[in-house]
Amino acid sequence: MEIVIESNSERAGVLAARLIARLVREKPDAVLGLATGSTPLGVYRELVRMHREEHLDFSRVTTFNLDEYVGLSGAHPASYRRFMEENLFSQINVAPQNVFIPDGMASDVPGFCREYEDRIRAHGGIDVQLLGIGGDGHIGFNEPSSSLASRTRIKTLTPKTRQDNARFFASPEEVPHHVITMGVGTILDARQVVLLALGAGKARAVREAVEGPVTAMVPASVLQMHPSVKVLLDSQAASELERSDYYRWVYENKPDWQRF
Ligand code: PGA
């Protein structure tokens, strides 16, 4: 794992955007794995800026989102499809037919999940997967105890995650209980993973994921087994790391060709 600690959330988000932009420039038909929630907002703002001001071209890019609420159509204000349209897709030149988000209204959920996996494979797999992390260590909506080999499937949210996400809904009772999420195994298949964590509320989960044992109780900890993971943090999210001085030292002393 490569751990990068930035002084504030904006800088950490810009760094994640730069990694994605570099990939898109090198590989114009890149397959991006995308995330929702508060964390990636700065990343998407910066990608939109690069599209407008630096002609970053998404016309051949394909995107797969991590997850969606079961029972919400794409028109629902709290659906992840709507989130992605508002915060990214409507502001860049990605082709609508190249955008894939789990369908919260699928009538055959297991069948839909199999097709989603098949579709990712048919596109050659995900080049870079952007991730946030839940306060409980979840990635995607893979809550603690998720199989570390799991694939796209239906999951039940924990009460804590429903509470955390209530801010996006008119009332806490409206938060769905179920979601469709890529599995931990699906995420591990991405060629590169960028995990972004911002704020003190993520500090404990980050410490457990980075410095704790690999355990299904902290699904993000399995990223220790992935060959290419960058963990981008602001100083608050890094505040509980025991070896933060070491991570800073490593980053500052990188050879130029490894910088990003
Ligand atoms: P957040 O959610 O970005 O809204 O904090 C992250 C997550 O739950 O994965």
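Provided above is the structure to which this section pertains.
Attention here is on the structure that accompanies the text. (Residues numbered from 1 in each chain as written. Predicted model: local features only at pLDDT ≥ 70, side-chain atom pairs only at ≥ 80, totals over all residues. Heavy atoms only, no water.)

Details of the layout of surface pockets
Size it by volume and the largest pocket reaches roughly 480 Å³. The wall of the largest pocket is formed by 26 residues, among which Gly37, Ile133, His138, Asn165 and Lys202 lie closest to the centre. Broken down by element, the lining of the largest pocket gets its largest block of residues, 4 residues, from helix α5 (residues 159-165). Class assignment of the residues belonging to the lining of the largest pocket gives a composition of 9 nonpolar, 12 polar and 5 charged. What the second largest pocket holds in volume is close to 150 Å³. Around the second largest pocket, the lining residues are Ser9, Glu10, Gly13, Val14, Ser38, Thr39, Leu41, Gly42, Arg45, Glu46, Leu196 and Leu198. At the level of secondary structure, the elements contributing two or more residues to the lining of the second largest pocket comprise α1 (9-26) and α2 (41-54). Considering only residue class, the lining of the second largest pocket consists of 4 nonpolar, 5 polar and 3 charged. (1 Å grid on protein atoms, 1.4 Å probe; cavity = no way out; pocket = protein on both sides within 12 Å on 5 of 7 lines; lining within 4 Å. Points joined across faces, edges and corners; volume = space filled by probe spheres on them. Helix = DSSP H or I, 4+ residues; strand = E, 2+ residues; numbered from the N terminus. Nonpolar A, V, L, I, M, F, W, Y, C, P; charged D, E, K, R; others polar.)

Focus on the site of the ligand
Taken together, Gly37, Ser38, Thr39, Gly132, Ile133, Gly134, His138, Arg167 and Lys202 are the residues near the ligand. Residue His138 places a side-chain N or O atom 2.6 Å away from an oxygen atom belonging to the ligand. Take Arg167: an N or O atom from its side chain is 2.9 Å from an oxygen atom of the ligand. In isolation the ligand has 280 Å² of accessible area, and contact with the protein removes 83% of it. Taken together, the residues of the shell around the ligand sort by class into 1 nonpolar, 6 polar and 2 charged. (Near = heavy atom within 4 Å. Polar contact = N/O pair within 3.5 Å; in protein donor to acceptor, adjacent residues only side chain to side chain. Areas by Shrake-Rupley, 256 points an atom, 1.4 Å probe, with all protein chains shown as cover.)

Topic: the pairing of strand β10 (residues 229-234)
Buried residues dominate β10, accounting for 6 of its 6 residues. Here β10 shows two buried faces, one formed by Val229, Val231 and Leu233 and the other by Lys230, Leu232 and Asp234. In this sheet, β10 lies alongside strand β1 (residues 2-6) in parallel orientation, the contact comprising 5 bridges. Paired with Glu6 across the two strands is Asp234, which belongs to β10. Once the chain exits strand β9 (residues 192-197) it traverses helix α7 (residues 203-211) before rejoining the sheet at β10, and the crossover so formed is right-handed. (Buried < 20%, exposed > 50% of the residue type's maximum accessible area, 1.4 Å probe, protein only. Pairing = 2+ DSSP bridges. Right-handed = clockwise from strand over helix to strand, strands pointing away.)

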